[in-house]
Amino acid sequence: MLKLQTELEGKTARFGDIRDKMNELGYDLGGNWEYDAGSFDHTLWNSKNETIYIRLPFTVLDGMLDEYDAFISFQSPFIIKHVINMGLEKDEHSLLTASGWNQFQDPVSSDAPINQKNKWEEAGKEAVSRLIQYLEKGLSAS
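Parameters at a glance
Residues numbered from 1 in each chain as written. Predicted model: local features only at pLDDT ≥ 70, side-chain atom pairs only at ≥ 80, totals over all residues. Heavy atoms only, no water. Patch = residues over 30% accessible without salt bridge, like charges linked within 9 Å, V, L, I, M, F, W, Y side chains within 5 Å. Areas by Shrake-Rupley, 256 points an atom, 1.4 Å probe, with all protein chains shown as cover. Salt bridge = Lys/Arg side-chain N within 4 Å of Asp/Glu carboxyl O. Helix = DSSP H or I, 4+ residues; strand = E, 2+ residues; numbered from the N terminus. Buried < 20%, exposed > 50% of the residue type's maximum accessible area, 1.4 Å probe, protein only. Contact = heavy atoms within 4.5 Å. pLDDT = per-residue confidence, 0-100. Pairing = 2+ DSSP bridges.

**Q** What am I meant to see in a nonpolar patch on the surface here?
**A** A cluster of nonpolar side chains, namely W33, Y35 and M64, defines an oily patch on the protein surface of about 300 Å² accessible area. Among the structural elements, Y35 can be located in the loop between strand 3 (28-29) and strand 4 (37-46). Judged by its relative accessible area of 44%, Y35 is partly exposed.

Here you go:
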């Protein structure tokens, strides 16, 4: 995991407005969200069995995350690398693994070591900079 120092940290916004704009840019609400916190994730790079993501975590300051009008505050973004198992699993889900990839398998590593750290740190900072410019009207400093 590479933690990034960007201007996004501390910015606040209304969740629904930001979520819609983030989706337009290819960011998704991370699957591990809670009512008081979550993250937006975006793929920076993908190969056969490795994916490098930028994750933009946030906390909910007012309301709950499933509410359009919830008010959120961004934390420090970071880069993570997932490595998935491309082999066949011998279990009761053999139909799911017949293609060699089971979407329900746990990753071999959900926070694998990242090579070329400078490259991915720079790519993450550029992604956040573009995002801030795009979201400028929806973000405010806390």
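**Q** Is there a simple way to think about the pattern of salt bridges in this case?
**A** As a working rule, side chains carrying opposite charge can pair if their charged atoms are close by. Under the definition given, this model contains six salt bridges. The partner of R55 in a salt bridge is D41, with the nearest N and O atoms 2.8 Å apart. Highlighted residues: R55 in strand 5 (residues 50-62) and D41 in strand 4, separated in sequence by 14 residues. Residue classification places R55 among the buried positions, given a relative accessible area of 18%.

**Q** Help me understand the side chain of S73, please; the structure alone is not making it clear to me.
**A** Topologically, S73 is positioned in strand 6 (residues 71-74). Ignoring any residue separated from it by four or fewer positions in sequence, one finds S73 in contact with G10, K11, T12, P57, F58, T59 and L61.

**Q** Teacher, can you tell me more about the confidence of the model for the chain here?
**A** Considering every residue of the chain, the mean pLDDT works out to 83; 79% of them sit at 70 or more. At the level of individual helices and strands, the chain shows its lowest average pLDDT in helix 2 (residues 94-97), which scores 47, and its highest in strand 6, which scores 97. Ignoring residues within four places in sequence, the model shows residues 93-105, a span with pLDDT below 50, making 19 contacts including any to other chains.

**Q** What is the right way to look at the pairing of strand 5 in this model?
**A** Regular strands show a simple pattern: their side chains alternate between the two faces of the sheet. Pairing analysis gives nine bridges linking strand 4 to strand 5, with the strands arranged antiparallel. Note that in strand 5 the partner of D41 across the bridge is R55. The antiparallel hairpin formed by strand 4 and strand 5 contains three residues in its connecting segment. With four bridges connecting them, strand 5 and strand 6 associate as antiparallel partners.

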